[in-house]
Each structure stands twice: as structure tokens, then as C-alpha cells.
Number of protein chains: 2
Amino acid sequence: MFQVPAKTQYAIRALAHLARSGGDSAARVALAQNISAKYLEGILNQLKLAGIVTSDRGRGGGYRLTRPASEIPMIEIVAAMEGELKPVECVDDSSVCSRGAFCMPRKFWQGLKDSVESYLKSVNLADLAEEPLITICGTGKNKNPTKTEAKGAR
Amino acid sequence: MFQVPAKTQYAIRALAHLARSGGDSAARVALAQNISAKYLEGILNQLKLAGIVTSDRGRGGGYRLTRPASEIPMIEIVAAMEGELKPVECVDDSSVCSRGAFCMPRKFWQGLKDSVESYLKSVNLADLAEEPLITICGTGKNKNPTKTEAKGAR
DNA sequence: TAAATTCCTATGGGATTACTAGGAATATGG
DNA sequence: CCATATTCCTAGTAATCCCATAGGAATTTA
Ligand code: FES
Ligand code: FES
């Protein structure tokens, strides 16, 4: 349970790659991380809209982090892919429930949310990417790895 | 994100109801908690297989907790519905990764898992059900509430 | 023996996920 | 200046999962 979607795992792997390489094209990141290239394009674009990466179009272009990896908390990445943390609907919305702020179940779900949130705030991208990595954790579900040739890094 | 499935929310509400009533039929629990009756039957059965409730068949039968609510940690309920906590495949399985125990990404996912797990272990069903409740948190997705008449409790 | 109940299996519709496909827009290097 | 590398945009799709629904067999009791 609580399985993290492939999309989020891909995002993390891609960002870790960018952190180490200093910037790269979507195709090369996909090849290196064994992610479907076209699918990754969309993910990277989403990360751009969230202000985590920036991009240069055209030949020689690609993606790079907007900030040092140490200034990108993991919760920001997760939020960019999946939106806000919300285990049940009425969390953060006291108008849903007649018991308002005194609702025990709400406190329970709030506690769960806080627990995850504070953990995700305590770790940043640099913590994950700092060591020389061979692969990055989580294989996702890609069964058709990119075959495209990608010669040379930037 | 991290949305808790309706099934799990239903299970929790049903169990809280049983904790307060001391035992009831699936149909009456469904009515009281606004859950699809037939769907709830399956859920209660699953909770039975997990050893959280027990049941009596036939007229006058129903479900009741196997233990005091204070001895049922929330993690047991969640595990009964969704299986073990596993954000990514390679968590708990060092054979997946060439970096073995030194893999930073794994430590990250392990940390997330531990964080959720320890919280869910720290709360029990009595904590949720102790107060006189009107409704129980989280509405789920049931749009066709049970219409069946259910007269009188046990 | 009728009614109430759990227990079992099968099916379906809707939403989400994880891609796939095609190409327009844009920038660069030679 | 143009072939090429790249991002960016939109649409479609197959598979999976979730949330039930349906029907009825087995069991127990009043
Ligand atoms: S790849 Fe998952 S533990 Fe290293
Ligand atoms: S029902 Fe969700 S807060 Fe009370």
C-alpha cells in the first residue's frame, strides 16, 4: 500500500540525474534512467511549471535545476507531481464535518498527513543524489526502454 | 496525493461503529455509516480473515471486535485492507539494487515508510472511537446509500 | 419454516495510470 | 541558411484498479 506512482519515481530519478550532470536533454536522461523518453518529456515539463527546472529549446538545449539540489526539498517534487497531501477529503476543511475542530477522526488523518509532510520536508534532493549513483531506486513500470542513440553529454 | 482508498476509510468507520455498538449486522452498519451494504459485506469479511472482527451467521448474527478497541492499532486495520506498506518495490529487498544497503534512495523510501508506520502504530481504534460520534471522517465515494430498513440494534 | 444473516463468486462501469504518436515551435551549429 | 536537435503541445489508447452491484448458497434462530 501507499505505493508511490511511477511518475513520481521517474521525476525523482530524472532530477537526481540532472543534479549530478548539471543539465541534460530529456532523451539522454530517459536513456540513462531507463524511462520512456516521450513520457519523461511531459514529466520534465510539469517540473518546469512547478519552478524546479528550467529549459532551453533547440539544438544543444535541455533541462537543468533552477537551484542547487540542496535547496529542493523532496516535498516540493512530490507536490509538483501529485498535488497537495490529502489522505481524506475533510482534512484541512472543517466545514465538511458537523463536529468541526473537535472531530477525532480528523485529528487522526491530520496526524498522518503531518507525519508524512514533515518527513518529506526534512529531506532534499542533494541528500539523495550526492553519492555517485549507478541506478536510482525504484524501477517503475517501463517495459519498453528507450532505444534511441544518445551520443555524448553536454 | 497519498489519498486513502474508500475501502480503507469504510473499514475504519465500520470498525468504529462496531466499537461503539458492541456488535452489529453488516446491513445496519452500512445504513448508519452510509456505505453500500453489499460492498461493506466484503470489507467486513476481509477484516474477519485478518482476525480483527469475528462473526455470527444466521438470524440475530453480525460482526463484533475480537479485542477491545484499545488493543487494535490503526496499522493493523490499514494492513488488513491494503497489505504491507511499500512505497517502492525495492524497499525491504536489498537484492534488487546493486548498491545494496548503501543505496541512498532506498534509505529515503525506508524513511518515508518508517515515518508512516510508526504513526499508524501509535494510534489505536479506541483513540478514534471513544467520543460519542455523529459521523465518522471521510465520506468515501458512495452515491447510492443503502435504502434497506434496519430496525433496532441488538 | 420464514426471516435474517454471513459467505462466495462473477461482472461491469468509471477513473486513473502509463504510456504512444505525431507534429509544431524554436534554437543552434556548420 | 538550413538540417538537426531539442522543447512543447495535444490527442489517443491499452491496461489496470477501484467501487461497487447482482445473485444466490449456506447457516442460524425465533
Ligand atoms: S535501487 Fe532501490 S535500493 Fe537501490
Ligand atoms: S467527518 Fe471528517 S472531520 Fe469529522
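Structure shown above.
Residues numbered from 1 in each chain as written. Chains lettered and ligands numbered in written order. Predicted model: local features only at pLDDT ≥ 70, side-chain atom pairs only at ≥ 80, totals over all residues. Heavy atoms only, no water.

## Section: the protein's contact with DNA strand C
- What surrounds DNA strand C is a group of 28 residues, the closest being Tyr10 and Lys38 of chain A together with Glu41, Lys48 and Ser55 of chain B.
- Close to the protein, within 4 Å, the atoms of DNA strand C are drawn from sugar and phosphate at a rate of 68%.
- Residue Ser36 of chain A places a side-chain N or O atom 3.3 Å away from a phosphate oxygen belonging to DNA strand C.
- Measuring from a base nitrogen of DNA strand C, one finds a side-chain N or O atom of Glu41 of chain B at 2.3 Å.
- Those elements that place two or more of their residues in the surface near DNA strand C are helix 1 (6–21) and helix 3 (37–49) of chain A together with helix 2 (26–33), helix 3 (37–49), strand 1 (53–56) and strand 2 (62–65) of chain B. (Near = heavy atom within 4 Å. Polar contact = N/O pair within 3.5 Å; in protein donor to acceptor, adjacent residues only side chain to side chain. Helix = DSSP H or I, 4+ residues; strand = E, 2+ residues; numbered from the N terminus.)

## Examining the protein's contact with DNA strand D
- The environment of DNA strand D is made up of 28 residues, and the closest members are Glu41 and Lys48 of chain A together with Tyr10, Ser36 and Lys38 of chain B.
- Looking at DNA strand D alone, sugar and phosphate atoms form 68% of those within 4 Å of the protein.
- Within the backbone of Gly58 of chain A, one N or O atom sits 3.5 Å away from a base oxygen of DNA strand D.
- One of the backbone N or O atoms of Arg59 of chain A is found 3.2 Å from a base nitrogen in DNA strand D.
- Contributions of two or more residues to the surface near DNA strand D are made by helix 2 (26–33), helix 3, strand 1 (53–56) and strand 2 (62–65) of chain A together with helix 1 (6–21) and helix 3 of chain B.
- The element contributing the most residues to the surface near DNA strand D is helix 3 of chain A, with 4 residues.

## A short note on the environment of Leu40 of chain A
All names here are of chain A.
- As for its placement among the helices and strands, Leu40 is situated in helix 3.
- When its relative accessible area of 0% is taken as the criterion, Leu40 is described as buried.
- Separated by 30 residues in the primary sequence, Leu40 and Tyr10 place their C-alpha atoms 7.5 Å from one another. (Buried < 20%, exposed > 50% of the residue type's maximum accessible area, 1.4 Å probe, protein only.)

## So, the pattern of salt bridges
Residue and element names in this part refer to chain A.
- Taken as a whole and assessed by the stated rule, the structure comprises 12 salt bridges over all chains.
- Linking Lys113 and Glu84 is a salt bridge whose minimum nitrogen-to-oxygen distance equals 3.9 Å. Here Lys113, found in helix 5 (residues 104–122), pairs with Glu84, found in the loop between helix 4 (74–82) and helix 5; they are 29 residues apart in sequence, far enough to count as distant.
- Its relative accessible area of 6% is what places Lys113 among the buried residues.
- Since its relative accessible area comes to 56%, Glu84 is described here as exposed.
- Connected via shared salt-bridge partners are Glu84, Asp92 and Lys113. (Salt bridge = Lys/Arg side-chain N within 4 Å of Asp/Glu carboxyl O.)

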